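In case you want the letters, here they are:
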Amino acid sequence: QVQLVESGGGLVQAGGSLRLSCAASGSIGTINIMRWYRQAPGKQRERELVAASRSGGSTNYADSVKDRFTISRDNAKNTVYLQMHSLKPEDTAIYYCNAEDWFYNSYWGQGTQVTVSS
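Residues numbered from 1 in each chain as written. Predicted model: local features only at pLDDT ≥ 70, side-chain atom pairs only at ≥ 80, totals over all residues. Heavy atoms only, no water.

> Please set out the environment of Gln 83 residue by residue, giving values where relevant.
Tracing the backbone through its elements, the reader meets Gln 83 in strand 7 (residues 79-84). Between the alpha carbons of Gln 83 and Ile 71 there is a distance of 6.3 Å; along the sequence they are 12 residues apart. Setting aside residues up to four positions removed in sequence, Gln 83 forms contacts with Ser 17, Leu 18, Arg 19, Arg 68, Phe 69 and Thr 70. Among the polar contacts listed, one links the side chain of Gln 83 to the backbone oxygen of Leu 18, at a separation of 3.4 Å. (Helix = DSSP H or I, 4+ residues; strand = E, 2+ residues; numbered from the N terminus. Contact = heavy atoms within 4.5 Å. Polar contact = N/O pair within 3.5 Å; in protein donor to acceptor, adjacent residues only side chain to side chain.)

And the structure:
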């Protein structure tokens, strides 16, 4: 089993920055891919924003966050980060971390709220 805890959310003005963290615990040695998702108020969860493999490679960013968000992963700390710049009101959402292990089991954190004011 893997447990995920997100942190770093908050209220920020448009144009500001935040860095989200997702700390993993439990069977961390089995984690392969870690991903970030988000769900805006009243909407379904958006497709994957970005993912980072254990080796450090990342997938393409969703168009909605491309060139503004950056994923990074520190395997020594069992943590994945999402650095967010140039935040917009439409970035307001609950941001979720997801981990997939080598057996394709999927784990979710509880989410962290990001609110961007105009």
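> Before we move on, could you go through the pairing of strand 3 (residues 18-26) and cite the residues and values that matter?
Side chains on a regular strand alternate between the two faces of the sheet. By the bridge criterion, 6 bridges tie strand 1 (residues 2-7) to strand 3 in an arrangement that is antiparallel. From the neighbouring strand, Gln 3 faces strand 3, where its bridge partner is Ser 25. Across 6 bridges, the pairing between strand 3 and strand 7 is antiparallel. Pairing of Ser 21 across the sheet is with Tyr 81, part of strand 7. (Pairing = 2+ DSSP bridges.)

> So what's going on with the side chain of Thr 92? Residues and values would help.
Within the element layout of this structure, Thr 92 appears in the loop between strand 7 and strand 8 (93-101). A polar atom in the side chain of Thr 92 sits 2.9 Å from the backbone oxygen of Pro 89. In this structure the side chain of Thr 92 is engaged in a polar contact, spanning 2.9 Å, whose partner is the backbone nitrogen of Val 116. Once residues within four sequence positions are removed from consideration, Thr 92 is found in contact with Ala 40, Pro 41, Gln 113, Val 114, Thr 115 and Val 116.

> I'd like a description of the sheet that holds strand 7, backed by residues and values.
The antiparallel open sheet is built from 4 strands, whose spatial order is 1-3-7-6. With partners counted over all chains shown, the strands left at the sheet margins are strand 1 and strand 6 (69-74), one partner each. On average, each strand axis in the sheet is tilted by 15 degrees relative to the strand beside it, whichever way the strands run. (Axes fitted to C-alpha atoms, helices over the stretch in contact; angles between N-to-C directions.)

> Explain the side chain of Thr 79 to me, using residue names and the numbers behind them.
One can find Thr 79 in strand 7. Only 2.8 Å separates the side chain of Thr 79 from the backbone oxygen of Lys 77, close enough to count as a polar contact. Ignoring sequence-local partners within four residues, the contact set of Thr 79 consists of Ser 21, Cys 22, Ala 23, Ser 72, Arg 73 and Asp 74.

> Summarise the pairing of strand 4 (residues 31-39); cite the residues concerned and give the values.
Most of strand 4 sits out of view: 8 of its 9 residues are buried. With 8 bridges connecting them, strand 4 and strand 8 associate as antiparallel partners. Looking at strand 8, one finds that Ile 31 is bridged to Asp 101. Note that strand 4 and strand 5 (residues 50-52) share 3 bridges and pair antiparallel. From the neighbouring strand, Met 34 faces strand 5, where its bridge partner is Ala 52. (Buried < 20%, exposed > 50% of the residue type's maximum accessible area, 1.4 Å probe, protein only.)

> Mind laying out the packing of aromatic side chains, listing which residues take part and the relevant values?
Throughout the structure, instances matching the rule amount to 2 aromatic pairs. Measuring from centroid to centroid gives 4.9 Å for Tyr 37 and Trp 108, while their planes differ by 50 degrees, and the two rings are tilted. Note that Tyr 37 is positioned in strand 4 and Trp 108 in strand 9 (residues 106-108), a separation of 71 residues in sequence. The exposure class of Tyr 37 is buried, given its relative accessible area of 14%. (Phe/Tyr/Trp six-rings, centres within 6.5 Å; stacked < 30°, edge-to-face > 60°.)

Read these as spatial facts, not as claims about activity.
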